[in-house]
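Analysis of the macromolecular model
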Amino acid sequence: NAGVTQTPKFQVLKTGQSMTLQCAQDMNHNSMYWYRQDPGMGLRLIYYSASEGTTDKGEVPNGYNVSRLNKREFSLRLESAAPSQTSVYFCASSEHRNSYNEQFFGPGTRLTVL
Amino acid sequence: AQSVAQPEDQVNVAEGNPLTVKCTYSVSGNPYLFWYVQYPNRGLQFLLKYITGDNLVKGSYGFEAEFNKSQTSFHLKKPSALVSDSALYFCAVRDGAGGGADGLTFGKGTHLIIQP
């Protein structure tokens, strides 16, 4: 099993450009998440999908949209990138939305917005 | 609201010595607590979790953590540190009472440096 995979691994955008970060998991998990990691700030939740067909905002959703394409795939879209969105983005999944389920993380996408 | 504090940005330990990485939390209901490790340019790897039961939880790579309800702490420990333990460690919490977003709330992370 590959676990959680993310594409691309690196991306450089100019301010105002758009892009979509892709995430897929092969563990048959129901819940999926997008986080961003910034130095000295830990990980912050952008959006999550508790189950196929549902999405909800997390702590820092502004400037992002998501799509739960099917049970395996959960994409994150930046419609008009800003320098403040320079960060490392992690996708994660868990078996269920239950509080006690650990989350499994992908390798991350390092995004730079100029 | 739930929150996590990792009071040390960096912890330095000599190889072979015991190590402790500190974490305190705040939740409304019962806490579900997690430790993750991140190696350079990698994603987070799950180490261990506390849900209920025994206050001492054992996890991967010889790590363990002690849940202390009165001190609202969940410190990560290892009896004998290895150079390969050097990494960034995150404590995370989820309120067992539910409500709010389903994601975990993470601390800011602690750099653990094991010196040969």
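Refer to the structure above for everything that follows.
Attention in this report is confined to the structure presented alongside it.

**Observations concerning the pairing of strand 9 (residues 73-78) of chain B**
Residues and elements named next belong to chain B.
- For strand 9, the tally of buried residues reaches five of six residues, placing the bulk of the element in the interior.
- Inspection of the sheet shows strand 3 (residues 19-21) paired to strand 9 by three bridges, in the antiparallel sense. Of the residues in strand 9, the one forming a bridge with Leu-19 is Lys-78.
- In textbook terms, the turn of a hairpin is the stretch between consecutive antiparallel strands, and for strand 8 (residues 64-68) and strand 9 this stretch comprises four residues, one of which, Thr-72, has a positive phi near 45 degrees.

**Things to note about the pattern of salt bridges**
Residues and elements named next belong to chain A.
- Here the structure, examined in full by the defined rule, presents seven salt bridges over all chains.
- Put simply, Arg-36 and Asp-38 hold a salt bridge, and the shortest N to O gap is 2.9 Å. Asp-38 shares its class with Arg-36; the two are buried.
- Residues joined in a network through salt bridges with shared partners are Arg-36, Asp-38 and Arg-44.

The rules we used
- Residues numbered from 1 in each chain as written.
- Chains lettered and ligands numbered in written order.
- Predicted model: local features only at pLDDT ≥ 70, side-chain atom pairs only at ≥ 80, totals over all residues.
- Heavy atoms only, no water.
- Buried < 20%, exposed > 50% of the residue type's maximum accessible area, 1.4 Å probe, protein only.
- Helix = DSSP H or I, 4+ residues; strand = E, 2+ residues; numbered from the N terminus.
- Pairing = 2+ DSSP bridges.
- Salt bridge = Lys/Arg side-chain N within 4 Å of Asp/Glu carboxyl O.

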